[in-house]
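Next come the chains, spelled out residue by residue.
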Amino acid sequence: MSTTVVPLAPELWPEFEDLFGKQGACYGCWCTHFRLAPAARRESSRERNKDHIKARIEEPARRPACWLSRTARRSLDADRATRRRARMEQQG
């Protein structure tokens, strides 16, 4: 299997949109989960998330360099638990 990595630029929006599919990847998130505050995420919609990520791609100073995540789900859950524990310890 061959993988090609290219800079994400506005002219590649159709391919990016195709990659994410009609649902916008993960339930309409469009990879905005870590880019929006929790309250904004709750109020947002699939279309608003899509517009948000498209605007970021079109803004030259803020173009993503890449996006790649490949790991077992259980490691993500462990990372979340570690961060949650650290926050609780900081709060006392």
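All values derive from a computational prediction rather than experimental measurement. (Residues numbered from 1 in each chain as written. Predicted model: local features only at pLDDT ≥ 70, side-chain atom pairs only at ≥ 80, totals over all residues. Heavy atoms only, no water.)

Novice: For this particular structure, what's the right way to read the overall build of the chain?
Specialist: The number of helices and strands found in the chain is four helices and zero strands. Ordered by position from the N terminus, the helices and strands of the chain form the series α-α-α-α. Every one of the 92 residues in the chain was classed for burial, and the buried ones make up 18%. Long-range contacts, defined here as pairs at least 24 residues apart, represent 32% of the contacts in the chain between residues at least 6 apart. (Helix = DSSP H or I, 4+ residues; strand = E, 2+ residues; numbered from the N terminus. Buried < 20%, exposed > 50% of the residue type's maximum accessible area, 1.4 Å probe, protein only. Contact = heavy atoms within 4.5 Å.)

Novice: Would you take a moment to explain the nonpolar core for this structure?
Specialist: One recurring pattern in soluble globular proteins: nonpolar side chains tend to sit buried together. Core analysis: the biggest nonpolar cluster contains seven residues, these being L8, W13, F16, F20, W30, I53 and I57. Of all the secondary-structure elements, those providing two or more residues to this core are α1 (13–20) and α3 (46–58). Broken down by element, this core gets its largest block of residues, three residues, from α1. (Core = buried A, V, L, I, M, F, W, Y, C linked by side-chain atoms within 4.5 Å.)

Novice: Is there a simple way to think about the pattern of salt bridges in this case?
Specialist: Working definition: two side chains of opposite charge can pair if their charged atoms are close together. Here the structure, examined in full by the defined rule, presents one salt bridge. The salt bridge involving E17 is made with K50; its shortest N-O contact spans 2.5 Å. You can see E17 sitting in helix α1 and its partner K50 sitting in helix α3, a full 33 residues away along the chain. (Salt bridge = Lys/Arg side-chain N within 4 Å of Asp/Glu carboxyl O.)

Novice: Honestly, the packing of α1 against α3 in this entry has me stumped. Any pointers?
Specialist: In helix packing, the relevant descriptors are the interaxial angle and the interaxial distance, both defined with respect to the helix axes. It is at 12 Å that the axes of α1 and α3 come closest, and there the two elements cross at 145°. Between α1 and α3 lies a crossing whose hand is right-handed. Residue-level inspection shows W13, F16 and E17 of α1 in contact with α3, the latter providing K50, I53, K54 and I57. Partitioning the contact of α1 with α3 into residue classes produces four nonpolar, no polar and three charged. (Axes fitted to C-alpha atoms, helices over the stretch in contact; angles between N-to-C directions. Left-handed = near helix turned anticlockwise from the far one by under 90°. Nonpolar A, V, L, I, M, F, W, Y, C, P; charged D, E, K, R; others polar.)

Novice: Quick question: what am I supposed to make of the packing of aromatic side chains here?
Specialist: What describes a pair of aromatic rings is the distance from one ring centre to the other and the angle between the planes of the rings. Enumeration according to the criterion identifies five aromatic pairs in this entry. Consider the rings of W13 and F16, whose centres lie 5.6 Å apart with planes at 40°: the pair is tilted. Taken as a pair, W13 and F16 lie in helix α1 at a separation of three residues, close to a single helical turn. Since its relative accessible area comes to 8%, W13 is described here as buried. (Phe/Tyr/Trp six-rings, centres within 6.5 Å; stacked < 30°, edge-to-face > 60°.)

Novice: Please explain the side chain of N49 as it appears in this structure.
Specialist: Along the polypeptide, N49 turns up in helix α3. Not counting chain neighbours up to four residues away, the residues in contact with N49 comprise G28, C29, W30, T32, L36 and S44.

Novice: What exactly am I supposed to notice about a positive patch on the surface here?
Specialist: A cluster of basic side chains, namely R83, R84, R85 and R87, defines a positive patch on the protein surface. Given a relative accessible area of 45%, R84 falls into the partly exposed group. (Patch = residues over 30% accessible without salt bridge, like charges linked within 9 Å, V, L, I, M, F, W, Y side chains within 5 Å. Areas by Shrake-Rupley, 256 points an atom, 1.4 Å probe, with all protein chains shown as cover. Lys, Arg positive; Asp, Glu negative; His and termini not counted. Charge placed at Lys NZ, Arg CZ, Asp CG, Glu CD.)

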